[in-house]
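Coordinate analysis (summary)
For reference, the chains in residue letters:
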Amino acid sequence: MIPLLHFHLLTHKRRTPSWMLSALAILANIAASTMLPCDDISIDLMIKGLFCFYFGVRYLELAVLDRPMTSRWSLREYREFMLTSDNESLRAGNRQKGKLAKRKIVPIPVSARTTSFYAAFAGKFLVMYAGFAVTKAYLVKYGYDYKGIHLVDLTDIRAVLDHLYVALNSYCGIFLAYNMVWFSLDIAFSAPYIAVFANPLAATSLHDFWSHRWNKPISNALHRSVFTPVVNWTPHKRVSTLATMTATVVTFIASGLIHEIIFWTMQANDSPGTQVIFFAGQGILSVFQYACSQRLLQTHLGKRLFGGTLGSVLGWTFTMGSIFVMLPLHAGPMGRSGSALHIPVPGMFVDTVQAYI
């Protein structure tokens, strides 16, 4: 009901600023999800984590899009945008501006969803479910006892193992929750399907990981609603590198604030501020990694040493290492609350896995 009301206001109340309509829609989403909880905890968390989170960032995008364009959208275009962050009007505008670029995650239209696509998707879903079930069995058996704000101690084998399980649980859990809701909606409304991940373990830089490979529907939204406006508004916009770095850090901080809100709605925020610290840290490290790599590649020796395989290996090590070491700041509240473990798994399977770990 809230998206339909927002669509009506967007297309009929053309004098009302887009940012005001978006703010009202976001507040209504948060209020509805917190005041009307579902008795089934797994469904309740998916509604809070996905509908509030994903619809919320779509409303943020709409706040910065050209109002004369969005006010002319049909219900079909609005629906496709809410599901995919894209529609034919936006694609036509990008083609006109020459902004269509190669993407690691390409939307899959209904016409391309063949039997082989569904078979491959079902196989990947089962693999992810098995990974989630194994990590859930481990975390239920051993728990997550890391308190407060801290980083992973790489000399502590138990801490490293625990956080490897937490990382895999988060990866599989997001994939499952996203696809159980979003893929079903894509089928129901004949919308293009956008994969949530693009092999994130292959990322060779933090920019590559967060911008192109991890939770792509959200990174698209943040790029449009935060990164681009900050680049355009920054007083240093003539210095493109400085403007980009500033916008990068601001976008990561915005992501942290959004995660703070969603963790609060899921009652998994026992350490307020850790999401902002995590994402701000990732933004600063991303800018640092980019600046260092550009400086090295400007020299002849640096290009020879780091322009090939060695550079990719070092970039991958820094990327995965920095995310993993800081993981407790992001995943700690979810691990302590157990909110990430509510996707149902047969008890017999959990008992069997626990007997061998």
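Just so you know, these numbers come straight off a predicted model, no measurement behind them.

Description of the overall build of the protein
Within the protein, the secondary structure is distributed over 16 helices and 0 strands. Out of the 357 residues in the protein, the part that is buried amounts to 46%. The contacts in the protein between residues at least 6 apart in sequence include a share of 71% that link residues at least 24 apart.

Quick look at helix 7 (residues 115–142)
The terminal C-alpha atoms of helix 7, which comprises 28 residues, lie 41 Å apart, in line with the 40 Å expected from a rise of 1.5 Å per residue. By the burial criterion, the buried members of helix 7 are Phe117, Phe121, Met128, Gly131, Phe132, Ala133, Thr135, Lys136, Ala137, Tyr138 and Leu139. Buried positions along helix 7 lie against helix 8 (157–188) and helix 16 (347–354). Looking one or two residues beyond helix 7, the residue adopting positive phi is Gly143, at roughly 70 degrees.

Considerations on a nonpolar patch on the surface
Together, Met1, Leu4 and Leu75 make up a nonpolar patch on the protein surface, roughly 350 Å² of accessible area in all. Relative to the helices and strands, Met1 is located in the segment before helix 1 (2–12). Of the residues examined, Met1 reaches a relative accessible area of 80% and is grouped as exposed.

Observations regarding the pattern of salt bridges
Counted under the stated rule, the structure contains 7 salt bridges. With a shortest N-O distance of 3.5 Å, Asp86 and Arg91 are connected by a salt bridge. Among the salt bridges present, the one from Arg158 reaches Asp162, with a minimum N-O distance of 3.0 Å. Here Asp162 and Arg158 lie together in helix 8, a separation of 4 residues that amounts to about one turn. Its relative accessible area of 40% is what places Arg158 among the partly exposed residues. You can call Asp162 buried: its relative accessible area is 3%. One salt-bridge network, held together by shared partners, links Glu80, Asp86, Glu88 and Arg91.

Focus: the environment of Arg91
With respect to the secondary-structure elements, Arg91 resides in helix 6 (residues 88–97). On the accessibility criterion, Arg91 (23% relative accessible area) is partly exposed. Residue contacts for Arg91: discarding those within four places in its chain leaves Glu80 and Asp86.

A look at the nonpolar core
Grouped burial of nonpolar side chains is what soluble globular proteins tend to show. Of all hydrophobic cores here, the largest spans 67 residues; its most connected members are Leu62, Trp73, Tyr78, Trp182 and Trp210. Leave out the neighbours within four places in its chain, and Trp210 touches Ser219, Phe252, Phe278, Phe279, Gln282 and Ile323. By size, the runner-up hydrophobic cluster in this structure holds 13 residues, among which are Tyr138, Tyr146, Ala331 and Leu341.

Describing unusual backbone geometry
Unusually for a residue other than glycine, Ser190 sits at a positive phi of about 55 degrees. Within the fold, Ser190 resides in the loop between helix 8 and helix 9 (206–213). Phi angles above zero are rare outside glycine, and Asn199 is one such case at about 50 degrees. Structurally, the position occupied by Asn199 is in the loop between helix 8 and helix 9.

Section: the packing of helix 11 (residues 240–265) against helix 12 (residues 274–297)
Interaxial distance between helix 11 and helix 12 falls to 7 Å at its minimum, and their mutual angle equals 160 degrees. Between helix 11 and helix 12, the crossing angle belongs to the class labelled roughly antiparallel. Where helix 11 crosses over helix 12, the handedness of that crossing is right-handed. Touching Met245, Thr248, Val249, Phe252, Ile253, Ser255, Gly256, Leu257, His259, Glu260 and Phe263 of helix 11 are Thr274, Gln275, Val276, Phe279, Ala280, Gln282, Gly283, Ile284, Ser286, Val287, Tyr290 and Ala291, all from helix 12. Partitioned by chemical class, the residues of the contact of helix 11 with helix 12 number 13 nonpolar, 9 polar and 1 charged.

What counts, and where the lines are drawn
- Residues numbered from 1 in each chain as written.
- Predicted model: local features only at pLDDT ≥ 70, side-chain atom pairs only at ≥ 80, totals over all residues.
- Heavy atoms only, no water.
- Helix = DSSP H or I, 4+ residues; strand = E, 2+ residues; numbered from the N terminus.
- Buried < 20%, exposed > 50% of the residue type's maximum accessible area, 1.4 Å probe, protein only.
- Contact = heavy atoms within 4.5 Å.
- Expected span 1.5 Å × (residues − 1).
- Patch = residues over 30% accessible without salt bridge, like charges linked within 9 Å, V, L, I, M, F, W, Y side chains within 5 Å.
- Areas by Shrake-Rupley, 256 points an atom, 1.4 Å probe, with all protein chains shown as cover.
- Salt bridge = Lys/Arg side-chain N within 4 Å of Asp/Glu carboxyl O.
- Core = buried A, V, L, I, M, F, W, Y, C linked by side-chain atoms within 4.5 Å.
- Axes fitted to C-alpha atoms, helices over the stretch in contact; angles between N-to-C directions.
- Parallel < 35°, antiparallel > 145°, perpendicular 65-115°, else oblique.
- Left-handed = near helix turned anticlockwise from the far one by under 90°.
- Nonpolar A, V, L, I, M, F, W, Y, C, P; charged D, E, K, R; others polar.

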